[in-house]
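Examination of the molecular architecture
The primary structure of each chain is shown beneath.
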Amino acid sequence: MRALFIEHDHCSPPGAVGERFSQRGYDITEFVVVPAGRYHEPGVTAAFPDPAGFDAIVPLGAAWAVYDDALIGSWLRPELELLRRAHDQGIPVLGICFGGQALAAALGGSVQAASGPEIGWTQVQTDDPELISPGPWYEYHYDRYQLPPGARELARTPLCSQAFVAGRSLGLQFHPEVTAAVLAAWFSVGTGDLEKNGLRLADVLAEARGRERAAAQRAHRLVDAFLDVVAT
């Protein structure tokens, strides 16, 4: 079995989600869209792999917005087409944060700025705790999606929807992949977002280390539920 992890930048590793896919016997291909040298000029072109060569597609988070076509449309439009093709062909997609928003947009939903950010460990209200546990899950986003036609919302916070299912695909607004190492990678390109929201990197990493074991267990259960329930 093969899984394609779409890493939109060089500092968004698959973390606990990739770990569980590997444990479940998947051979993981990591496709980096924007290389390190183009992080501040992300309008690259990308030759995405054919989704038909994979048994699951996992688009991860990103530093940009799905609606910023002028900045990233050169590769986002082909990615949305890839996600539509995968979904239409019955290839399961697990979209995470930006990846969940991209999945929503690819299936006919929309993405816009939220009324404020969500950053940090957050409980969600869930309709299906066996599939989406209440968390806490790590949030780091400024945008929100509107559900695509026919999708079913599974979880939410007061700010926005947090999870939806559409056919064999699952879109998430939160980040189940987060570990202390993942957070360190994210903020290796700058800590301005943390400081703007009154947070210190040392405190964020210390909290992540304290939560790491329980968070990984939740992430593994979510991947299992995705593979065993949604993807089937």
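This text goes with the structure placed above it.
These notes cover the structure that comes with them. Everything quoted here is computed from the prediction, not taken from an experiment. Position numbers for residues count from 1 along each chain, tracking the sequence in the order it is written. With pLDDT at 70 or above as the cut-off, local features in this predicted model cover only qualifying residues; side-chain atom pairs require 80 or more to be listed or tallied, and sums for whole chains, interfaces and linings still use all residues. Side-chain numbers here rest on the full set of heavy atoms in the structure, without hydrogens or water.

1. A short note on the packing of helix α1 (residues 15–23) against helix α6 (residues 201–230)
- Fitting a line to C-alpha atoms yields each axis, with helices limited to the stretch in contact; the angle taken between N-to-C directions then spans 0 to 180 degrees. Numbering of helices and strands starts at the N terminus; helices are DSSP runs of H or I of at least 4 residues and strands are runs of E of at least 2. It is the contact of α1 with α6, at a shortest axis distance of 9 Å, that shows an interaxial angle of 55°. When the axes of α1 and α6 are compared, the pair comes out oblique. Regarding α1 and α6, the two cross each other, and that crossing is right-handed. Here A16, V17, E19, R20, F21 and Q23 of α1 come into contact with α6, specifically with A216, A219, H220, V223, D224, F226 and L227.
- Broken down by class, the residue content of the contact of α1 with α6 amounts to eight nonpolar, two polar and three charged. In these notes the angle categories are as follows: under 35 degrees is roughly parallel, over 145 is roughly antiparallel, 65 to 115 is roughly perpendicular, and the rest is oblique. Crossing handedness is read from the near helix: turned anticlockwise from the far helix by less than a right angle, it gives a left-handed crossing, and turned clockwise, a right-handed one. Residues count as neighbours in contact if any of their non-hydrogen atoms are within 4.5 Å of one another. Polar here means any residue other than Ala, Val, Leu, Ile, Met, Phe, Trp, Tyr, Cys and Pro, which are nonpolar, and Asp, Glu, Lys and Arg, which are charged; Gly is therefore polar.

2. Here we look at the pattern of salt bridges
- By convention in these notes, a salt bridge is any Lys or Arg side-chain nitrogen within 4 Å of a carboxyl oxygen on Asp or Glu. Under the criterion given, the structure shown has eleven salt bridges.
- As a salt-bridge pair, R84 and E81 come within 3.2 Å of each other at their nearest N and O atoms. Placement of both R84 and E81 in helix α2 (residues 69–88) is noted, with a separation of three residues, approximately one turn of the helix.
- On the accessibility criterion, E81 (36% relative accessible area) is partly exposed.
- The shortest N-O distance in the salt bridge between D127 and R156 comes to 2.6 Å. Separated by 29 residues along the polypeptide, D127 in the loop between β6 (125–126) and β7 (137–146) and R156 in strand β8 (residues 152–156) bring together distant segments of the chain. Categorising residues by exposure relies on relative accessible area from a 1.4 Å probe, with only protein chains included: less than 20% of the type maximum marks a residue as buried, more than 50% marks it as exposed, and the intermediate range marks it as partly exposed.

Don't take any of this as a statement about function, it's just geometry.
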